[in-house]
Amino acid sequence: MHDFCFTIPYGLILIVGGLVGYAKKGSVTSLGGGAGAGLLLILAGFLSLKAFEKRKNSYLALILETVLMNEQHSPGCNFATWCWRMPH
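What you see is a predicted model; the values in this text were computed from it and never measured. (Residues numbered from 1 in each chain as written. Predicted model: local features only at pLDDT ≥ 70, side-chain atom pairs only at ≥ 80, totals over all residues. Heavy atoms only, no water.)

Asker: How should I be thinking about the overall build of the chain in this particular structure?
Answerer: Along the chain, the regular secondary structure elements total 4 helices and 0 strands. In the chain, the order of α-helices and β-strands from amino to carboxyl end is α-α-α-α. When the 88 residues of the chain are sorted by exposure, 25% land in the buried category. On the chain, roughly 6300 Å² of surface is accessible, and the fraction owed to carbon and sulfur atoms is 71%. (Helix = DSSP H or I, 4+ residues; strand = E, 2+ residues; numbered from the N terminus. Buried < 20%, exposed > 50% of the residue type's maximum accessible area, 1.4 Å probe, protein only. Areas by Shrake-Rupley, 256 points an atom, 1.4 Å probe, with all protein chains shown as cover.)

Asker: Could you clarify how one ought to interpret the environment of Leu14 in this entry?
Answerer: One can find Leu14 in helix α1 (residues 4-25). The exposure class assigned to Leu14 is buried, which follows from its relative accessible area of 14%. Note: C-alpha distance between Leu14 and Gly34 (20 residues apart in sequence) is 4.8 Å.

Asker: Quick question: what am I supposed to make of the packing of aromatic side chains here?
Answerer: To describe a pair of aromatic rings, you give the distance between the ring centres and the angle between the ring planes. Within this structure, the stated rule accounts for 1 aromatic pair. Each ring, one from Phe4 and one from Phe52, has its centre 5.4 Å from the other, and the planes form 55 degrees; the classification is tilted. Taken together, the residues Phe4 in helix α1 and Phe52 in helix α2 (residues 28-53) connect sequence positions 48 residues apart. By relative accessible area, Phe52 is classed as partly exposed at 39%. (Phe/Tyr/Trp six-rings, centres within 6.5 Å; stacked < 30°, edge-to-face > 60°.)

Asker: Just checking my understanding: could you explain unusual backbone geometry for this structure?
Answerer: The phi torsion of most residues other than glycine is negative, and most of the peptide bonds are trans. Even without being a glycine, Arg55 presents a positive backbone phi close to 60 degrees. With respect to the secondary-structure elements, Arg55 resides in the loop between α2 and α3 (59-73).

Asker: Would you take a moment to explain the layout of surface pockets for this structure?
Answerer: Rolled over the atoms, a probe as big as a water molecule pinpoints where empty space is left. Considering only enclosed or pocket space, the largest pocket measures out at about 180 Å³ in volume. Forming the walls of the largest pocket are His2, Asp3, Phe4, Ser48, Ala51, Phe52, Lys56, Asn57, Ser58, Tyr59, Leu62 and Glu65. Elements represented by at least two residues in the lining of the largest pocket include exactly α2 and α3. In terms of residue class, the lining of the largest pocket is made up of 5 nonpolar, 4 polar and 3 charged. (1 Å grid on protein atoms, 1.4 Å probe; cavity = no way out; pocket = protein on both sides within 12 Å on 5 of 7 lines; lining within 4 Å. Points joined across faces, edges and corners; volume = space filled by probe spheres on them. Nonpolar A, V, L, I, M, F, W, Y, C, P; charged D, E, K, R; others polar.)

What follows is the structure, encoded as structure tokens:
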């Protein structure tokens, strides 16, 4: 299977989860996190699908998917905290 077979449906699930969290509890964080990550995953899946149709790879989609999955599944050690700790 190709990555877009999972990223697009998972992005939709995240968007729905964010909307449900917002509707039930009024959580703007849930809305922003779910809808934001979901939209970015759908974008990555779309980029990957279009690259697949041209028989090429989409490295932007690959990087976006990797960063987003790290954000979703690694609490306490994610891309945002890593970037924050970088010396400026």
